[in-house]
Amino acid sequence: MKIICIGRNYSDHAKELNNPVPKEPLIFIKPSTALLTDNKPFYHPDFSQEIHYELEVVLRVKKTGKVIQPQFASSYYDQIGLGIDFTARDLQDQCKSKGHPWEIAKAFDNSAAVSEFVDLKTFNPLSVHFQLFQNGNVVQSGDTADMIFSFDYLISYISTYFTLQQGDYIFTGTPSGVGKINIGDKLEGFLEGNKLLECKIK
Ligand code: ZN
């Protein structure tokens, strides 16, 4: 199982970090050891002083495929959930300034919290609303209608390079409003008003 993440898929988020809006999806991968499930707490590691939350809609891959054409992409996912792409922003900025890969900032243990998954059939995938609350206050509010690259385009693009396997997760990018977590925080993620994710920071 692998976790494929898309960077800068919402132009308002790209702008808030002073990044250009990409012409093709920006992809990175987290290993299976990054997965944090069942609303378990996230233990703040010592190697970063600035870990950010990034709430994202997550797709679960339904069947194995490669070089999938966009018109067939929708048959490769049927469940949707929420995830938090925990990011050590201080380390990421250091890596970026040196032109180095991001892995230590993005792919560390437990850096990919995922919620339970629900049947995508009950939603219009072209417009799914999602929100993150930090200690009861809304900090991120997004809608998949604002994605630069659609679910189907992402499936097709990713599978050009990486075979998608059943059970893989795809983090589809975060809207604006990313920010720092602190020990003691409670993060709650809502998909179309339903609370799917809770994560305490310890
Ligand atoms: Zn992200």
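In the block above lies the structure referred to throughout.
Described below are features of the structure shown in this document. (Residues numbered from 1 in each chain as written. Predicted model: local features only at pLDDT ≥ 70, side-chain atom pairs only at ≥ 80, totals over all residues. Heavy atoms only, no water.)

### Some remarks on the sheet that holds strand β10 (residues 129–134)
Here comes step 1: Overall, antiparallel pairing links the 4 strands, which are arranged β11-β10-β14-β15 in an open sheet. The outermost strands of the open sheet, each flanked by one partner alone, are β11 (137–143) and β15 (194–200). The sheet shows a mean angle of 15° between the axes of neighbouring strands, direction not considered. (Pairing = 2+ DSSP bridges. Helix = DSSP H or I, 4+ residues; strand = E, 2+ residues; numbered from the N terminus. Axes fitted to C-alpha atoms, helices over the stretch in contact; angles between N-to-C directions.)

### Some points on empty space enclosed by the protein
Here comes step 1: One pass over the structure, following the stated rule, counts 2 cavities of 30 Å³ or more.
Here comes step 2: The computed volume of the largest cavity comes to approximately 110 Å³.
Here comes step 3: Gly7, Arg8, His13, Gln92 and Trp102 are the residues nearest the centre of the largest cavity, which is lined by 16 residues in total.
Here comes step 4: Elements with a contribution of two residues or more to the lining of the largest cavity: β1 (3–7), β2 (26–30) and α2 (89–98).
Here comes step 5: With 3 residues, the single largest contributor to the lining of the largest cavity is α2.
Here comes step 6: Residues of the lining of the largest cavity, tallied by class, amount to 5 nonpolar, 5 polar and 6 charged. (1 Å grid on protein atoms, 1.4 Å probe; cavity = no way out; pocket = protein on both sides within 12 Å on 5 of 7 lines; lining within 4 Å. Points joined across faces, edges and corners; volume = space filled by probe spheres on them. Nonpolar A, V, L, I, M, F, W, Y, C, P; charged D, E, K, R; others polar.)

### Quick look at the environment of Pro101
Here comes step 1: Counting through the fold element by element, Pro101 comes out in the loop between α2 and α3 (103–106).
Here comes step 2: Judged by its relative accessible area of 60%, Pro101 falls in the exposed class.
Here comes step 3: Residues Pro101 and Gln165 lie 64 residues apart in sequence; the distance between their C-alpha atoms is 24 Å. (Buried < 20%, exposed > 50% of the residue type's maximum accessible area, 1.4 Å probe, protein only.)

### Quick look at α2
Here comes step 1: Along α2, the residues classified as buried are Arg89, Asp90, Leu91, Gln92 and Cys95.
Here comes step 2: Elements in contact with the buried residues of α2: α1 (11–16), β4 (51–53), β7 (87–88) and α3.
Here comes step 3: The first or second residue beyond α2 is Gly99, which carries a positive phi of 75°. (Contact = heavy atoms within 4.5 Å.)

### Overview of the packing of aromatic side chains
Here comes step 1: Enumeration over the complete set of coordinates arrives at 11 aromatic pairs.
Here comes step 2: With centroids separated by 6.2 Å and ring planes inclined at 15°, the aromatic side chains of Tyr153 and Tyr157 adopt a geometry described as stacked. Taken together, the residues span about one helical turn, with Tyr153 and Tyr157 both in helix α4 (residues 151–161) at a distance of 4 residues.
Here comes step 3: Overall, the relative accessible area of 18% leaves Tyr157 in the buried class.
Here comes step 4: Here a set of aromatic residues connected by ring pairs shows up, and it is made of Phe42, Phe47, Phe86 and Phe108.
Here comes step 5: Lying across the ring of Phe117, Arg60 places its NZ or CZ 4.5 Å from the centre.
Here comes step 6: Here the basic side chain of Lys63 rests over the ring of Tyr76, its NZ or CZ set 4.7 Å away from the ring centre. (Phe/Tyr/Trp six-rings, centres within 6.5 Å; stacked < 30°, edge-to-face > 60°. Lys NZ or Arg CZ within 6 Å of the ring centre and 35° of its normal.)

### Re the sheet that holds β7
Here comes step 1: Strand order in the open sheet made by the 3 strands is β7-β4-β13, with antiparallel pairing throughout. With partners counted over all chains shown, the strands left at the sheet margins are β7 and β13 (179–180), one partner each.
Here comes step 2: Bridge analysis of β4 against β13 gives 2 bridges, and the strand direction is antiparallel. Directly across from His52, in β13, lies its bridge partner Lys180.

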